[in-house]
Amino acid sequence: MPRRIVLLLLLVWGFAAPSWGQEWARKMFQATSHEFGTVARNMKAEYRFYFKNLYEEDIHIASATTSCGCTTVTVETPVVKSLQTGSILAHFNTDRYLGQRGATLTVVIDKPYPATVLLNVKGYIRSDVVFEPQAVEFSGVDQGTPAERTITIRRIGNPQWQILDVKTNNPYLAAEVVRTDRTWEQTVAQIRVKLNDKTPAGYVRDHITLVTNDPSTPQVPVPVEGRVDPAVMVSPTELFLGVVHPGQKVTKQLVVRGKKPFRVLSVSSDADHFEFPQPSADEPRPLHVIPITFIATDQPGKVVERIRITTDLNDAASELATIAYVK
């Protein structure tokens, strides 16, 4: 057998060997543990373990399991292509468990090589503070439109409990106590949270902080989540062009959607190895399919460029990343 083939077989065997083959998978994760801290009962407590595929081959997550019923684990992106990002969601079951809790999440990868990554979460779930609903949710808010939501906080067993202040470090959020009711066994407070019209498009994942007169827990975090929809959305937001040879052309489709009919005014890039269609004079429509053609460079290696799409919806524009490997 030729020597080069023997070396190749040894290399593949060594990569799959469990003695050192796990590190390639672990290094993809930004973090492998998370501390929820002290959280209220029925509070939405979630954490996403993000990982980035650093390799040319697709990553496939075969399964993810948890060691404790206090935490539910979900594989949000079973298949992650080269240089794209995936996530594993850990949901702390604050509606069913109390006290100090923790779990080990076992993530099993079967492609391109077998590997196992262990993730850890822990936290303390209070029984005397209850949220209704579990979090402040701003779902499907149109960009440029203000929105407000209300959440109820119950402090059981302390009728003298007070919220002294409501703080946030997010310039797009504001919150205030709008009502407080007391009985001999509990304090019930309603908090109004506002999202202003300057909030940029994208996901909102933040929190407000309740400053209380309770010396044991002077601050109570309240999660704020949601999504602000842009006037124009492009799918996918990262376009993987594949592995190509120098001079080879490859064409991929982009889907551009709007909340109302629009025209595409221009498609451009600072790089000169793309071909774009000319703007169309057709009637405005809410969906456009745009072919993007990439001409591979003469230099091998990874190519990452950005494409800008401009429309007539108040000059709304979107950008996306394109990724290719030239061999």
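Coordinates for the structure precede this section.
Counting of residues starts from 1 at the beginning of each chain's written sequence and follows it residue by residue. In keeping with the model being predicted, local features are shown solely for residues with a pLDDT of at least 70 and side-chain atom pairs are shown and tallied solely at 80 or more, while totals for entire chains, interfaces and linings include all residues. To obtain the side-chain values, all non-hydrogen atoms of the structure were used and water was disregarded.

Attention now moves to the overall build of the chain. Within the chain, the secondary structure is distributed over two helices and 23 strands. With residues, only the protein chains shown are counted as cover, and all accessible areas are computed by Shrake-Rupley using a 1.4 Å probe. Counting only carbon and sulfur atoms, one obtains 51% of the accessible surface of the chain, whose full area is about 17600 Å². Each helix is a run of DSSP H or I of at least 4 residues and each strand a run of E of at least 2, with the numbering of both proceeding from the N terminus.

Moving on: the sheet that holds strand 2 (residues 45-52). Taken in spatial order, the three strands make up an open sheet running 2-6-4, and their pairing is antiparallel. Sheet topology places strand 2 and strand 4 (71-75) at the edges, where each strand pairs with a single neighbour. Each strand of the sheet is rotated relative to its neighbour by a mean of 20°, with strand direction disregarded. Between any two strands, pairing holds if DSSP finds at least two bridges. Pairing of strand 2 with strand 6 (residues 85-92), which is carried by eight bridges, proceeds in the antiparallel orientation. Bridge pairing in strand 6 links Glu46 to His91. Simply put, an axis is a line fit to the C-alpha atoms, just over the touching stretch for a helix, and the angle between two N-to-C directions goes from 0 to 180 degrees.

Let us look at the environment of Gln299. Looking at where Gln299 falls in the secondary structure, it is placed in the loop between strand 21 (285-295) and strand 22 (301-311). Spatially, the C-alpha atom of Gln299 lies 7.1 Å from that of Pro246, the residues being 53 residues apart in sequence.

The next point concerns the pairing of strand 18 (residues 249-262). Bridging between strand 16 (residues 232-235) and strand 18 involves four bridges; their strand directions are antiparallel. Residue pairing for strand 18: Ser235 is matched across the bridge by Val255. Sheet topology note: the strand 18/strand 21 ladder contains 10 bridges and is antiparallel. Bridge pairing links Lys252 to Ile292 in strand 21.

A few words on the nonpolar core. Counting 53 residues, the largest nonpolar core has Phe131, Phe138 and Ile153 as its most contacted members. Sort the elements by how many residues they give to this core and strand 8 (residues 115-132) lands first, with seven residues. Only buried residues count toward a nonpolar core, which is a set of Ala, Val, Leu, Ile, Met, Phe, Trp, Tyr and Cys residues joined through side-chain atoms within 4.5 Å. Exposure categories follow from relative accessible area, calculated using a 1.4 Å probe and restricted to protein chains: below 20% of the type maximum is buried, above 50% is exposed, and the middle band is partly exposed. Judged by nonpolar contacts, the second largest core, of 21 residues, contains Val244, Val256, Val267 and Leu313.

One can find Thr187 in strand 13 (residues 186-195). Definition of a polar contact: a pair of N or O atoms within 3.5 Å, with one able to donate and the other able to accept a hydrogen when the atoms are protein atoms, and with sequence-neighbouring residues admitted only if both atoms are side-chain atoms. At a separation of 3.1 Å, a polar atom in the side chain of Thr187 contacts the side chain of Arg182.

Now for the sheet that holds strand 11 (residues 163-167). If you trace the four strands from one edge of the open sheet to the other, you get 9-15-14-11, paired in mixed fashion. The two strands at the open ends of the sheet, each matched to only one other strand, are strand 9 (136-142) and strand 11. In this sheet, adjacent strand axes meet at a mean angle of 20° when their direction is disregarded. Inspection of the sheet shows strand 9 paired to strand 15 (residues 219-229) by five bridges, in the parallel sense. The partner of Val136 across the bridge, within strand 15, is Val224.

The subject of this paragraph is the pattern of salt bridges. Any Lys or Arg side-chain nitrogen found within 4 Å of a carboxyl oxygen on Asp or Glu counts as a salt bridge. Throughout the structure, instances matching the rule amount to 16 salt bridges. Across the pair Asp58 and Lys81 runs a salt bridge whose closest N-O atoms are separated by 3.4 Å. Of the two residues, Asp58 sits in the loop between strand 2 and strand 3 (59-66) while Lys81 sits in the loop between strand 5 (79-80) and strand 6, which places them 23 residues apart along the sequence. Between Arg192 and Glu148 there is a salt bridge, with its nearest N and O atoms 3.6 Å apart. Note that Arg192 is positioned in strand 13 and Glu148 in strand 10 (residues 147-156), a separation of 44 residues in sequence. The exposure class assigned to Arg192 is partly exposed, which follows from its relative accessible area of 26%. For Glu148, a relative accessible area of 43% gives the class partly exposed. Residues joined in a network through salt bridges with shared partners are Arg126, Asp128, Arg155 and Asp214.

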